[in-house]
Amino acid sequence: QVQLVESGGGSVQAGGSLRLSCAASGYASSRNYMGWFRQAPGKEREGVAVMTGGSTTYYADSVKGRFTISKDNDKNTVYLQMNSLKPEDTAMYYCAASRWVVDALQPEDYMYWGQGTQVTVSS
């Protein structure tokens, strides 16, 4: 059974940083897609950053240069380092994983989801 557990969310002021973690059990981060998605109130869930088993990365245009996805295969954990945070980054952030995807940043392509962690950025 695959389980994804996020941690690291919180409240920061604009310009600040946070690091999210997603620990996977029953799932090998070294061979599959894992990534981060977010959903703000009243908006659709969107892809933020994804890493393949081979460590290729994909980023939403809105976070390029500010967010960095990384992973530790020994710990089956994926991280999202978020710098220069903006109020528009405020959302529930979800970790997701899948063995096969067509579009790496498309939420509908992902099979497994965590419960989410809230990120709030104040101006």
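Residue indices follow the written sequence of each chain, beginning from 1 at its first position. Two thresholds apply to this predicted model, a pLDDT of at least 70 for residue-level local features and 80 or more for giving and counting side-chain atom pairs, whereas whole-chain, interface and lining totals are computed over all residues. Only hydrogens and water are set aside; all other atoms, that is, all heavy atoms of the structure, feed into the side-chain values.

## Comments concerning the pattern of salt bridges
No. 1: In the sections that follow, a salt bridge refers to a side-chain nitrogen of Lys or Arg positioned within 4 Å of a carboxyl oxygen of Asp or Glu. For the structure on display, the rule yields 4 salt bridges.
No. 2: A salt bridge links Asp 89 to Arg 38; the shortest N-O distance between them is 2.9 Å. Linking Asp 89 in the loop between strand S8 (77-82) and strand S9 (91-98) with Arg 38 in strand S4 (residues 33-39), this pair joins segments that are 51 residues apart in sequence. Accessibility classification places Asp 89 together with Arg 38 in one group, the buried group.
No. 3: Two residues, Asp 89 and Arg 66, come together in a salt bridge whose shortest N-O distance is 2.8 Å. Remark: Arg 66 occurs in the loop between strand S6 (57-59) and strand S7 (67-72) and Asp 89 occurs in the loop between S8 and S9; sequence separation between them is 23 residues. By the burial criterion, Asp 89 is buried, and Arg 66 matches it.
No. 4: Put simply, Arg 38, Glu 46, Arg 66 and Asp 89 are held in one network by salt bridges that share partners. Only DSSP runs of H or I reaching four residues or more are called helices, and only runs of E reaching two or more are called strands; each is numbered from the N terminus. The rule is simple: take the accessible area with a 1.4 Å probe, protein chains only, and divide by the maximum for that residue type; under 20% is buried, over 50% is exposed, in between is partly exposed.

## Quick word on the nonpolar core
No. 1: Nonpolar cores are built from buried Ala, Val, Leu, Ile, Met, Phe, Trp, Tyr and Cys residues. Side-chain atoms within 4.5 Å join them into one set. Of all hydrophobic cores here, the largest spans 29 residues; its most connected members are Met 34, Trp 36, Leu 80, Met 82 and Tyr 93.
No. 2: Every element with two or more residues in this core is listed here: strand S3 (18-25), S4, strand S5 (46-51), S7, S8, S9 and strand S11 (117-122).
No. 3: Discounting residues that sit within four places of it in the chain, Leu 80 has contacts with Leu 18, Arg 19, Leu 20, Trp 36, Val 48, Ala 49, Phe 67, Thr 68, Ile 69 and Tyr 93.
No. 4: Phe 37, Val 50, Ala 96 and Val 101 belong to the second largest nonpolar core, which has 6 residues in total. Contacts between residues were defined by any pair of non-hydrogen atoms, one from each residue, lying within 4.5 Å.

## Overview of the pairing of S8
No. 1: The buried count for S8 comes to 5 of 6 residues, which makes it a mostly enclosed element.
No. 2: Direction of pairing for S3 relative to S8: antiparallel, over a ladder of 6 bridges. From the neighbouring strand, Leu 20 faces S8, where its bridge partner is Leu 80.
No. 3: Sheet topology note: the S7/S8 ladder contains 6 bridges and is antiparallel. Pairing of Phe 67 across the sheet is with Met 82, part of S8.
No. 4: Between S7 and the antiparallel strand that follows it, S8, lie 4 residues; Asn 76 among them carries a positive phi value of about 50°. Whether two strands pair depends on DSSP finding at least two bridges between them.

## A short note on the environment of Gly 10
No. 1: For Gly 10, the position within the fold is in strand S2 (residues 10-13).
No. 2: We classify Gly 10 as partly exposed; its relative accessible area is 22%.
No. 3: Sequence separation between Gly 10 and Gln 118 is 108 residues, and the spatial gap between their C-alpha atoms is 6.2 Å.
No. 4: Dropping the residues within four chain positions of it, Gly 10 is found in contact with Leu 18, Gln 118, Val 119 and Thr 120.

## Observations concerning the state of the cysteines
No. 1: Here, a disulfide means two cysteine sulfur atoms that sit within 2.5 Å of each other. Applying the stated criterion across every chain, the model contains 1 disulfide.
No. 2: Linked covalently through their sulfurs, Cys 22 and Cys 95 form a disulfide whose S-S length is 2.0 Å. Because the torsion about its S-S bond is -75°, the bridge between Cys 22 and Cys 95 counts as left-handed. Note that Cys 22 is positioned in strand S3 and Cys 95 in strand S9, a separation of 73 residues in sequence. With respect to class, Cys 22 is no different from Cys 95; both count as buried.

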